[in-house]
Amino acid sequence: MAVLEPGNGTSDEFERYWAGINWPETERNVVRLRQRIFKASQEGDLKRVRNLQKLMLRSHSNTLSSVRRVTQRSTGKATAGVDGERALTHQGRAKLVAEIASESGLKTKPVRRVYIPKANGKKRPLGIPTIRDRVHQARAKNALEPEWEARFEARSYGFRPGRSCHDAIQAIFNVSAHKSARRLWVLDADLSAAFDRIDHRHLMRAIGGFPGRGMVLRWLKAGVMEGGRFAPTEEGTPQGGVISPLLLNIALHGMGEAAGAVANPQSNAGRVAPVLVRYADDFVALCATEGEAEDVKSRLEEWFRPRGLAFNEEKTKVVHLREGFDFLGFNVRRFNDKMIIKPSPDAVSRCKREMKKNVRQMAGAPVAAVIHRLNPIIRGWSTYYRAVVSKETFGKLDHYMWELLWRWAKRRHRKKGGRWIAARYWGTFRPGSQNRWIFGDRDTGDRLHQFAETKIVRHVSVKGPASKDDPTLTTYWAARRRSRPHPQADGKNRVLLAVRQRGLCPRCGHDLVAGDSYEPQSTREWVLWFTAATRGTHVHHVVHRHQGGSDDKKNLELIHAECHRRHHASDHQPRKLEKQP
């Protein structure tokens, strides 16, 4: 069979090749190899770890999976680097696989500097690598991450598979919720530009003899292009790179030990040692006294120095739980010896501003368009905060939304009275509800989701140091995935099917969207993720319509677009790329 190379393959050959990839088997190959690396690292067999990592870096399945992740599943798949290249078609992705497989050496290019708005009004700098560098970073991450997953501290939750900010919040609750809890002083800390200041030498010492260390160093030293000008990078790792979050976690590994924290608070009955809960570069240390919290801060300042990091003094403070503090969009506080966690006031204000901005932008839009614009915001925000004490907040936000929409309707119908407006836009649009003040479209039957519709569902924190790469915990993670909450459906087939299928593609068994290990850093990011949750999927008829199959939901399933194409392309025989030695 001829080798399908970048220069000798036709568009049809590339199309058939990509459509014919056996993705379940490809992903299983990567998972199995990750588990072997994890197990070897857990057993302390460093030589075996390095050999398996070399195998992962040479793995054709790893290359395929990485190209798929970067060009199809990533939310930034349409964003180009300094070379302007993207791969948004099957032909482009297959050609990218062939090019990467035929490369004899890795030549990195500078990252493209872009800025995105932050919640406080400032802008966050991102560095966007080229599409090839992102694929290579994904390949390297699959080799490096399992080794460190076997080492990372149990209370490290940011940018790790299967862990979320909700796990971090629940960990804080578990430590200080009891009436007799003694760790009531909190070092609420934030690092200053952690991604931009990581010391390269320390990071390279930390990753040791990793077979891809040369690639990692070249990515770190690649430089930045901004406004047509090149600037070298002597420190930091660019936000926007696939491997950057993992490198940050590696740089911060050991922080709990440096702070004198304990992994199991119950095992040290004679000593009330601090407990450190970290989510990426945001962390809190729960201490018994104010002096101990100050001491933890001093120790960590010394520990950060050789790593090129420092506290952001404006956002770092020592407080008592009676005063409370905000962490990851939540407000944590004790009222009369009872721990109460709610959405933070800043998060509520940001949500209100987002709704107000969108309602104003839709001043002359049809009702259905307004509902379509607002529902993802409401549903995403309420889903994010459904695990804490949010019922009162949900009710207030529903009232605020009603006020916004009432003013919106009054501006549209300046000569109409309140009764006419109420009858035109509000009613009992939700089946089984007696609430007559639900905003909806009488022509289509669409309605606006309400915050209060979202039921409070307590989050079950991940178990200790459990990792998704641990082969002994496969059953645990499968059960955890089945029990995870899903956003409530809005009556549309696509969302209903996704909820019914627990977010999994019934054809390949993998997540319908690339969100299983993705954890949003803000409410806005959550809303954007949820809005895109069902893109790239197709509604498939189990029994084809030409065979008498109906459009009933029982005959429908939501599957990946590539799984759908593969199902209907069974008459094609795809040509395979020849594996490189």
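Everything numeric here is computed off the predicted structure, so don't read it as measured data.

The helix and strand tally for the protein stands at 21 helices and 15 strands. Taken across its 581 residues, the protein has 51% of its residues classed as buried. Partitioning the contacts of the protein with sequence separation of at least 6, the portion at a separation of at least 24 is 68%. Carbon and sulfur atoms make up 49% of the accessible area of the protein, which amounts to about 27900 Å² in all.

Attention now moves to the packing of helix α4 (residues 60–73) against helix α6 (residues 131–149). For any two helices packed against each other, the geometry is given by the interaxial angle and the distance between the axes. Two elements in contact, α4 and α6, have axes whose closest approach is 9 Å; the angle formed by their N-to-C orientations is 125 degrees. Regarding the angle of α4 to α6, the classification is oblique. Between α4 and α6 the crossing geometry is right-handed. Side by side, α4 and α6 meet where N62, T63, S66, V67, R69, V70 and T71 of the first sit next to I131, R134, V135, A138, R139, K141 and N142 of the second. Split into classes, the residues belonging to the contact of α4 with α6 amount to five nonpolar, five polar and four charged.

What follows deals with a positive patch on the surface. Taken together, the side chains of K356, R360, R407, R411 and R414 define a basic patch exposed on the protein surface. Breaking the positive patch down by element, the ones donating at least two residues are α14 (345–361) and α16 (391–412). The topology assignment puts R407 in helix α16. Exposure remark for R407: the relative accessible area of 39% places this residue in the partly exposed category.

Per-residue confidence for the protein averages 85 on the pLDDT scale, and 85% of its residues sit at or above 70. Least confident of the elements in the protein is helix α20 (residues 523–531), whose mean pLDDT is 47; most confident is helix α3 (residues 46–58), at 96. Note that residues 487–491 has pLDDT below 50 and, in this model, 16 contacts with residues that lie over four places away or in other chains. In this model residues 571–581 is a low-confidence stretch, pLDDT under 50, and it forms 20 contacts with partners more than four residues away in sequence or in other chains.

Enumeration over the complete set of coordinates arrives at 23 salt bridges. For E25, the salt bridge identified is with R32, shortest N-O distance 3.3 Å. Residue E25 is classed as partly exposed on the basis of its relative accessible area, which comes to 31%. Exposure remark for R32: the relative accessible area of 40% places this residue in the partly exposed category. Its salt-bridge partner being E453, residue R447 comes within 2.7 Å of it at the nearest N-O pair. The residues R447 and E453 share a single accessibility class, namely buried. Ionic contacts of the salt-bridge type, sharing partners, join the residues E25, R28 and R32 into one network.

Attention now goes to the pairing of strand β3 (residues 185–190). Most of β3 sits out of view: five of its six residues are buried. Two strands pair when backbone bridges link them, and β3 and strand β7 (residues 282–287) are joined in this way by six bridges, in the antiparallel orientation. Directly across from A189, in β7, lies its bridge partner F283. Across four bridges, β3 lies against strand β8 (residues 317–320) in antiparallel orientation. Across the sheet, residue L187 finds its bridge partner in β8, namely V318.

Strands belonging to one sheet form pairs held by backbone hydrogen bonds; the direction of such a pair is parallel or antiparallel. Pairing within the open sheet is antiparallel, and its four strands lie in the order β6-β7-β3-β8. Of all strands in the sheet, those with a lone pairing partner are β6 (275–279) and β8, marking the two edges. Averaged over all pairs of adjacent strands, the angle between strand axes in this sheet comes to 20 degrees, irrespective of strand direction. Looking at chain direction, β6 and β7 are connected through five bridges and run antiparallel. Considered in β7, the bridge of R278 is made with F283. Set on the sheet, helix α13 (residues 290–304) makes contact with β3, β6, β7 and β8; between it and β7 the angle comes to about 140 degrees.

What follows is about the sheet that holds strand β5 (residues 229–231). Pairing is mixed in the open sheet, where four strands are placed in the order β2-β1-β4-β5. Two strands in the sheet have a free side with no partner beyond their single neighbour: β2 (123–128) and β5. Within this sheet the neighbouring strands show an average axis-to-axis angle of 40 degrees, counted without direction. Here strand β1 (residues 111–117) pairs with β2 via six bridges, running antiparallel.

Looking at where E453 falls in the secondary structure, it is placed in the loop between β13 (438–439) and α18 (474–483). Classification of E453 as buried rests on a relative accessible area of 13%. Here R430 takes part through its side chain, which lies 3.2 Å from a polar atom of the side chain of E453. Polar side-chain contacts of E453 include one of 2.7 Å to the side chain of R447.

What follows covers the packing of aromatic side chains. Here a ring pair, both rings aromatic, is described through the centre-centre distance and the interplanar angle of the planes. This model, assessed by the stated rule, comprises 27 aromatic pairs. For the ring pair W18 and W23, a centre distance of 5.1 Å and an interplane angle of 65 degrees mean the geometry is edge-to-face. Judged on exposure class, the residue W18 and its partner W23 are both buried. On the numbers, 5.4 Å between centres and 20 degrees between planes, the contact of W402 with W406 is stacked. With W402 and W406 both in helix α16 and four residues apart, this pair spans about one turn of that helix. Cluster of aromatic residues (ring-pair linked, three or more members): W402, W406, W408, Y425, W426, W437 and F439. A cation over a ring is seen here: K416 above W420, with NZ or CZ 4.9 Å from the ring centre. Above the face of the Y476 ring, K463 is positioned so that its terminal group lies 4.7 Å from the ring centre.

This part covers empty space enclosed by the protein. Enumeration over the complete set of coordinates arrives at two cavities of 30 Å³ or more. Volume-wise, the largest cavity comes out at about 50 Å³. Along its surface, the largest cavity is lined by Q137, V216, W219, L220, T237, P238, G241, I243, S244 and L247. Of all the secondary structure elements, the ones that give two or more residues to the lining of the largest cavity are α10 (213–220) and α11 (244–252). With three residues, the top contributor of residues to the lining of the largest cavity is α10. Per-class residue counts for the lining of the largest cavity are six nonpolar, four polar and no charged.

Calculation criteria
Residues numbered from 1 in each chain as written. Predicted model: local features only at pLDDT ≥ 70, side-chain atom pairs only at ≥ 80, totals over all residues. Heavy atoms only, no water. Helix = DSSP H or I, 4+ residues; strand = E, 2+ residues; numbered from the N terminus. Buried < 20%, exposed > 50% of the residue type's maximum accessible area, 1.4 Å probe, protein only. Contact = heavy atoms within 4.5 Å. Areas by Shrake-Rupley, 256 points an atom, 1.4 Å probe, with all protein chains shown as cover. Axes fitted to C-alpha atoms, helices over the stretch in contact; angles between N-to-C directions. Parallel < 35°, antiparallel > 145°, perpendicular 65-115°, else oblique. Left-handed = near helix turned anticlockwise from the far one by under 90°. Nonpolar A, V, L, I, M, F, W, Y, C, P; charged D, E, K, R; others polar. Patch = residues over 30% accessible without salt bridge, like charges linked within 9 Å, V, L, I, M, F, W, Y side chains within 5 Å. Salt bridge = Lys/Arg side-chain N within 4 Å of Asp/Glu carboxyl O. Lys, Arg positive; Asp, Glu negative; His and termini not counted. Charge placed at Lys NZ, Arg CZ, Asp CG, Glu CD. pLDDT = per-residue confidence, 0-100. Pairing = 2+ DSSP bridges. Polar contact = N/O pair within 3.5 Å; in protein donor to acceptor, adjacent residues only side chain to side chain. Phe/Tyr/Trp six-rings, centres within 6.5 Å; stacked < 30°, edge-to-face > 60°. Lys NZ or Arg CZ within 6 Å of the ring centre and 35° of its normal. 1 Å grid on protein atoms, 1.4 Å probe; cavity = no way out; pocket = protein on both sides within 12 Å on 5 of 7 lines; lining within 4 Å. Points joined across faces, edges and corners; volume = space filled by probe spheres on them.

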